[in-house]
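Observations on the model geometry
Listed below are the residues making up each chain.
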Protein chains: 2
Amino acid sequence: MRTAIAGLGTVGAEVVRQLLDKDELYAQRAERPITVTDVSARDRKRDRGFPMRDIRFWKDPVKMAREAKVDLVVELIGGADGVAKRVVEAAIAAGKHVVTANKALLARHGMQLARAAEERGVTLAFEAAVAGSIPAVEILRQALVANIFSRVGGILNGTCNYILWRMSAMGCTFDQSLAEAQEAGYAEADPSRDISGKDTADKLAILAALAFGVPVDLSSIHVEGIEQITALDIQRARELGMGVKLLGIARLTEQGLERWVHPCLVPADAVLAMVPGATNAVSVTGDLVETQVYLGQGAGAKSTTSAVIADILDLATGRRLPAFGKLAAQLRAVPVLVPRDRTGEYYLRLQVADQPRVLGDVLSLLGMQGVSVASNEQPEQQVDPDGTVAVFLTTHRTQEAAVQRALTMIRALPTVKGEPCLIRIEREV
Amino acid sequence: MRTAIAGLGTVGAEVVRQLLDKDELYAQRAERPITVTDVSARDRKRDRGFPMRDIRFWKDPVKMAREAKVDLVVELIGGADGVAKRVVEAAIAAGKHVVTANKALLARHGMQLARAAEERGVTLAFEAAVAGSIPAVEILRQALVANIFSRVGGILNGTCNYILWRMSAMGCTFDQSLAEAQEAGYAEADPSRDISGKDTADKLAILAALAFGVPVDLSSIHVEGIEQITALDIQRARELGMGVKLLGIARLTEQGLERWVHPCLVPADAVLAMVPGATNAVSVTGDLVETQVYLGQGAGAKSTTSAVIADILDLATGRRLPAFGKLAAQLRAVPVLVPRDRTGEYYLRLQVADQPRVLGDVLSLLGMQGVSVASNEQPEQQVDPDGTVAVFLTTHRTQEAAVQRALTMIRALPTVKGEPCLIRIEREV
């Protein structure tokens, strides 16, 4: 199978090296040779650990996608729009299969690209786009195909999990943990797409389409990041027998489909609470299998390469499936549930003036909205330099709309400083 | 696709019900209808929750496998030999595909059946035979196909994990935990195949063939069960920061392939140490993905049905892979490593006379064999009615052969009562 690789960054170069190093193994598995005939990158000369002499080099990846005499174009340039999108579109238009690891592209343009691939009779494959090497796409489309799913999601961003895990395991601050994640290579120099939850949302949009047969729809996902989480929250969570994790979950109920990315308090003995370091965890609930959880590396050149090559070998053996398990036209939107529709428990941290009666005022406002408080804690020793103290509350199960109404009034209290921190408690993960 | 089901126990009946209930969904996924045309069971009349009127009933499942006009025979009778084997052989000989959940059959006759299927040009599929609904077979044969594996295995028996988990979480004795497992439906009335490790060994034999391209070879697996494990071991393990788990692991090193099933002490923060209840966990290490762990239900009618139907739909969509990933003739034996070849740490529990000098004698015998003791503990309060006390030792890394030589002499000491309990410490799981 003649293959073109667009993008020779760490992943692209690793894909080429693996295809060259293990050519006999892969040819045996695919029952035909996989040959890298064309590549495109910015810089031809850089040494990437493989010989370029038998490979045609293209300066322009879109031109390569259009003109190279290949069966398959592998897009590893990245980015939601721009050249990556043009490469994929050109390859499909030219009747070539596409393998991509580009979650941002799929989350925004997945429907359009899937339709184009169907019309042209080619395959759009993207196992590497969700949770790196964890075979989430294959599991949802094939291995668990007998199931009707009710929930999918999990820990889909290694950077956030690493930061929260370091804060929890070592008592580090957010900033220390982020700096360590950057040093260890788990976080980018600009980590904002990770810690804001946006990267998780891209992956969740894809998972939800695969599990529930809904169109890929990034706009219906409620997204919060972990910027607000402090060491105090982690410590208080532990006292409550909980851990703090950034989860992305899509859950189908009779009312509709909820899709959210936000930090959660989860029971300390839940599998997702125990996921260490930069590990990803994909959790799937189906009517036959109950809940399964898959743990593995969510990023890194080799892990991503594993998924990219699995897609290539699938194509080589002639496996053809619609991108999202069904034809694009068969994907059906369902009612969108938003956090205000949620009923559940909540954790609140408020920074308040160290005065008597403040807690009483807060509790009154919650009570007025019918929010029943399960615990409150005001550690005595921790008076901040500005004369404020942290107050921690948890609620019984209640409507989120009521909590939000109460919070609007609590924010307006002169004795409440800064922005209250609300974290949802998720016992069933 | 015309399908015959041999065996209508809890799994067989669930498979038929699902195929009937979700016929449209499955027909859409497979792009053709899946029709149960023939079934075989002991008792025709029993109500199994589906109508029998359009299904041909056979008293003799072997005759059905041979004569029914079907594309596929699903063997759900069970048992390593006897009728299940004859059903599979008859179906293959008649040119029909086979789906089976029968691990005992595959562990003993997998090679012969795989060869027969290849010669006849039919597929032998068995996703349900290993770890129930966890798609271990698909992951090893397809999703992680880009990898060269160095290790596979994990927690492959829910009964054992449930017993050890109850002993650990609730401080129950072995017998209490077993009785609870039986009450909860996690253990058979006769649990001996489970607690002896034999059931785990069947699954490990299949996993090793898939991961390493070796013939299925039950005889090369070293098997120990959990019968010896007591609440004392669990408690002492916890003091050492470890948990006790029954693992089945196959590991390829430069020296050869080790395949074993035995209880292990594993670090309390390892993912496998945290697996609760009757959950199974399959762990895979490959050169690209590092280690992945998949958690899910390893048994139960619905979980098994999920895997059986995945195989059926794969067949319906025309996916054809050799049973163990390669043609049977391409599977190559590698040197077999046995526990005496192992170098590692060990945990020992001895029951000794409550006399001075006994511990000194034991330590001397270990020292004579070059075994270096890392910790020893003799809790004062626990003198048994027979005047003996438990002594707990751990060793530094050492040759197992040396430990076994020392144990032979320790057993011969008049002050040592009963059989010493040796548990291997596995830090890398």
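Residues numbered from 1 in each chain as written. Chains lettered and ligands numbered in written order. Predicted model: local features only at pLDDT ≥ 70, side-chain atom pairs only at ≥ 80, totals over all residues. Heavy atoms only, no water.

**Regarding the domain arrangement of chain A**
Residues and elements named next belong to chain A. Basically, it comes down to this: Boundaries of every domain are those given by an automatic assignment or by a domain database. Throughout, a contact is declared for two residues whenever any of their heavy atoms are within 4.5 Å. Buried area: the accessible area, evaluated with a 1.4 Å probe, that two parts lose upon being put together, summed over both parts. Note on definitions: salt bridges are taken to be side-chain nitrogens of Lys or Arg within 4 Å of carboxyl oxygens of Asp or Glu. Polar contact criterion, stated in full: a pair of N or O atoms within 3.5 Å, where within protein one must be able to donate a hydrogen and the other to accept it, and residues adjacent in sequence count only if both atoms are side-chain atoms. Under the grouping applied here, Gly and all other residues not named as nonpolar or charged are polar, the nonpolar ones being Ala, Val, Leu, Ile, Met, Phe, Trp, Tyr, Cys and Pro and the charged ones Asp, Glu, Lys and Arg.
For chain A, the assigned domains read domain 1 (2-129), domain 2 (136-295) and domain 3 (339-425). Taking the mean C-alpha position of each, domain 1 and domain 2 sit 29 Å from one another. At the interface, nine residues of domain 1 touch 13 residues of domain 2. It is Lys103, Ala107 and Glu127 in domain 1 that bury the most area against domain 2; as a group they hold 47% of the surface buried on that side. One can count two salt bridges joining domain 1 with domain 2. For Arg108, the salt bridge is made with Asp202, and the minimal N-O distance between the two is 3.2 Å. The interface formed by domain 1 and domain 2 holds four residue pairs in polar contact (both at pLDDT 80 or more) in total. Split by residue class, the side of domain 1 that touches domain 2 holds six nonpolar, no polar and three charged.

**So, the nonpolar core**
Cut-off, in case you're wondering: The definition of a nonpolar core used throughout is a set of buried Ala, Val, Leu, Ile, Met, Phe, Trp, Tyr and Cys residues joined through side-chain atoms within 4.5 Å. Partly exposed describes any residue whose relative accessible area lies between the buried limit of under 20% and the exposed limit of over 50%, with all areas from a 1.4 Å probe on protein chains only and scaled to the type maximum.
Counting 174 residues, the largest nonpolar core has Phe126 and Phe324 of chain A together with Phe126 and Phe324 of chain B as the members making the most contacts within it. With residues up to four places along the chain from it excluded, the contact list for Phe324 of chain B reads Gly110, Ala114, Phe126, Arg141, Ile206, Ala209, Leu210, Val216 and Leu331 of chain B.

**As for empty space enclosed by the protein**
Residues and elements named next belong to chain A. Our working definition: A cavity here means a set of 1 Å grid points, computed over protein atoms only, where a 1.4 Å probe fits but cannot escape. A pocket is an open set with protein on both sides within 12 Å along at least 5 of 7 lines, and lining residues have an atom within 4 Å of a point. Grid points are joined across faces, edges and corners, and a volume is the space filled by probe spheres set on the points. Secondary structure elements follow DSSP: runs of H or I of four or more residues count as helices, runs of E of two or more count as strands, with numbering from the N terminus.
Tallying each qualifying case throughout the model produces five cavities of 30 Å³ or more. Each pocket or cavity is described by its volume, and for the largest cavity that value is around 120 Å³. Along its surface, the largest cavity is lined by 17 residues, and Glu127, Val137, Glu138, Asp311 and Asp314 are the ones closest to its centre. Listing elements by their share of the lining of the largest cavity, those giving two or more residues are strand S6 (124-125), helix H6 (136-143) and helix H12 (301-316). Tallied by class, residues from the lining of the largest cavity come to nine nonpolar, two polar and six charged. Looking at which domains feed residues into the lining of the largest cavity, each of domain 1 (2-129) and domain 2 (136-295) supplies at least three.

**Some details on the interface of chain B and chain A**
Frequently, the measure chosen for interface size is the accessible area removed from exposure when the parts meet. Of the residues lining the interface, 43 residues belong to chain B; the matching set on chain A comes to 43 residues. Where chain B abuts chain A, roughly 3700 Å² becomes buried across the two surfaces, and 55% of that area is made up of carbon and sulfur atoms. On the chain B side of the interface with chain A, the three residues burying the most area are Arg29, Leu288 and Leu295 of chain B, jointly 17% of the side's total. Linking chain B with chain A are two salt bridges, by the criterion used here. Across the salt bridge formed by Lys22 of chain A and Asp287 of chain B, the nearest N and O atoms sit 2.6 Å from each other. Viewed at the interface, chain A and chain B are joined by 20 residue pairs in polar contact (both at pLDDT 80 or more). If you list the elements that add at least two residues to the side of chain B that touches chain A, you get helix H1 (10-21), helix H2 (23-30), helix H6 (136-143), strand S12 (290-297) and helix H12 (301-316) of chain B.

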